[in-house]
Amino acid sequence: MIDEAAGGVGEVAERVREFDRFFSDYVAVFHRGVTEAGYTATQFRVLRWLDRVGEVDASGLAAGLELDPGYLSRLVSRFVSEGLVARRRDVRDGRRHFLSLTDRGRSVYAEVDESVRRRAVESLSRVGPGALVEVTRAMAVIEGRLSSRRRSFQLREPFAGDLGRIVTRHAQVYAREYGWSSRYEALVATIVADYAAEGPSAKSRLWVADYGGDMVGSVMCVPDDEPSVAKLRVLLVEPYARGMGVGGALVSRCLSFAADAGYRRIRLWTVNRLTEDARLYRRFGFVVESETQTSMFGDELTAQTWSREL
């Protein structure tokens, strides 16, 4: 078993190396603007770091970029002589120096960075919108699995375009995983359109889970037919983000809002095939209130209404 596992890791390592060669060649096109401006990739990294962090001591910069301190010192000396970087001696420790970009340095960095951005946009514009979404998700998965500094998701209210994306992703995910028809997409579109028409209020709110700029989940809390009852709707977690705690965070936020809004009870509608969702609802104290048979999405299902007190 150990040898097989080692062999498996070895194969993955080779595939990662192949991908690295491909991706390095691909992004090299983006960075021609760097070389055309007379800088190396490492020199551009130093400028970018200083632009982002402001002032930093030289040893911290070397550690953060994993650069040899002697090499960094020579590189910084060039930047100082060109008026790009300011070097300030620590008044309490004369051996310590702080580095920051000058106004000229910020201007030069912004110009080169814009050149890189334009080339990236030009290259990626040849890729279809659907493929770009897949690439973005794939990069998030790779970064999340391999990074030692894993990013965390955050819950926020929707930005422009997020409501349409909620409808699209519900339709795509449920069609792929359960074979549901366009009637489900129409249902979600109606729910989201009703929310959009009214907007957020003291009794109604919608949140999305954001993972590095990518929307990986959603949930909505709106009034039910009874004034004292809230309804949890459009709960979705992207398949690649499952296991990160996104679903629990979304449900928890919805329950907190409903309680603060003065609701006494909250309901949701689901079907029996969504077993992972059912486990989540039970964890938060929901119980099945009623069941009926339905085939509204092209599949024979048991529709369930769940609820809990607040």
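Higher on the page you've got the structure.
Residues numbered from 1 in each chain as written. Predicted model: local features only at pLDDT ≥ 70, side-chain atom pairs only at ≥ 80, totals over all residues. Heavy atoms only, no water.

A. Highlighting the sheet that holds strand S1 (residues 56-57). If you trace the three strands from one edge of the open sheet to the other, you get S1-S3-S2, paired in antiparallel fashion. What marks the edges here is a single partner per strand, and that holds for S1 and strand S2 (85-89). Set on the sheet, helix H5 (residues 69-81) makes contact with S2 and strand S3 (97-101); between it and S2 the angle comes to about 110 degrees. (Pairing = 2+ DSSP bridges. Helix = DSSP H or I, 4+ residues; strand = E, 2+ residues; numbered from the N terminus. Contact = heavy atoms within 4.5 Å. Axes fitted to C-alpha atoms, helices over the stretch in contact; angles between N-to-C directions.)

B. Molecular detail of the packing of helix H8 (residues 162-178) against helix H9 (residues 182-198). Taken N-terminus to C-terminus, the directions of H8 and H9 make an angle of 160 degrees; their axes are 9 Å apart at the nearest point. Between H8 and H9, the crossing angle belongs to the class labelled roughly antiparallel. H9 is crossed by H8, and the crossing has right-handed handedness. Side by side, H8 and H9 meet where Leu-163, Ile-166, Val-167, His-170, Ala-171 and Tyr-174 of the first sit next to Tyr-184, Glu-185, Val-188, Ala-189, Val-192 and Ala-196 of the second. (Parallel < 35°, antiparallel > 145°, perpendicular 65-115°, else oblique. Left-handed = near helix turned anticlockwise from the far one by under 90°.)

C. Focus on the pairing of strand S10 (residues 301-309). Counting buried positions along S10 yields seven of nine residues, so the element is predominantly enclosed. Summarising the sheet, strand S8 (residues 265-271) and S10 pair through seven bridges and their orientation is antiparallel. Of the residues in S10, the one forming a bridge with Leu-268 is Trp-306. Sheet topology note: the strand S9 (residues 287-294)/S10 ladder contains seven bridges and is antiparallel. Residue pairing for S10: Ser-290 is matched across the bridge by Thr-305. (Buried < 20%, exposed > 50% of the residue type's maximum accessible area, 1.4 Å probe, protein only.)

D. Broad picture of H9. Here H9 is 17 residues long and its end C-alpha atoms lie 25 Å apart, about the 24 Å a rise of 1.5 Å per residue gives. For H9, the complete set of buried residues consists of Tyr-184, Val-188, Ile-191, Val-192 and Tyr-195. For H9, the angular spread of the buried residues around the axis is 90 degrees, confining them to a single face. Turned more than 90 degrees away from the buried face of H9, the exposed residues are Ser-182 and Ala-197. Buried positions along H9 lie against H8, strand S5 (205-211), strand S6 (214-223) and strand S7 (229-237). Positive backbone phi, at 80 degrees, marks Gly-199, one or two positions downstream of H9. (Expected span 1.5 Å × (residues − 1). Arc of directions from axis to C-beta.)

E. Spatial organisation of the environment of Ser-218. Take Ser-218: it is sitting in strand S6. For the pair Ser-218 and Trp-207, spaced 11 residues apart in the sequence, the C-alpha separation amounts to 5.7 Å. If we skip the residues at most four places from it in the chain, Ser-218 touches Ile-166, His-170, Trp-207, Val-208, Val-234, Leu-235, Leu-236 and Leu-250. Within the structure, Ser-218 has its side chain in polar contact with the backbone oxygen of Val-234 (distance 2.8 Å). (Polar contact = N/O pair within 3.5 Å; in protein donor to acceptor, adjacent residues only side chain to side chain.)

F. Main features of the side chain of Ser-123. Tracing the backbone through its elements, the reader meets Ser-123 in helix H6 (residues 103-124). Contact partners of Ser-123, with chain neighbours within four places excluded, come to Tyr-26 and Phe-30.

G. Fine view of the pattern of salt bridges. By the definition in use, this model includes 20 salt bridges. Residues Arg-78 and Glu-82 are paired through a salt bridge, measuring 2.8 Å at the closest nitrogen-oxygen approach. Glu-82 sits in the partly exposed class, given a relative accessible area of 29%. In this structure, the salt-bridge partner of Glu-226 is Arg-267, at a minimum N-O distance of 3.1 Å. (Salt bridge = Lys/Arg side-chain N within 4 Å of Asp/Glu carboxyl O.)

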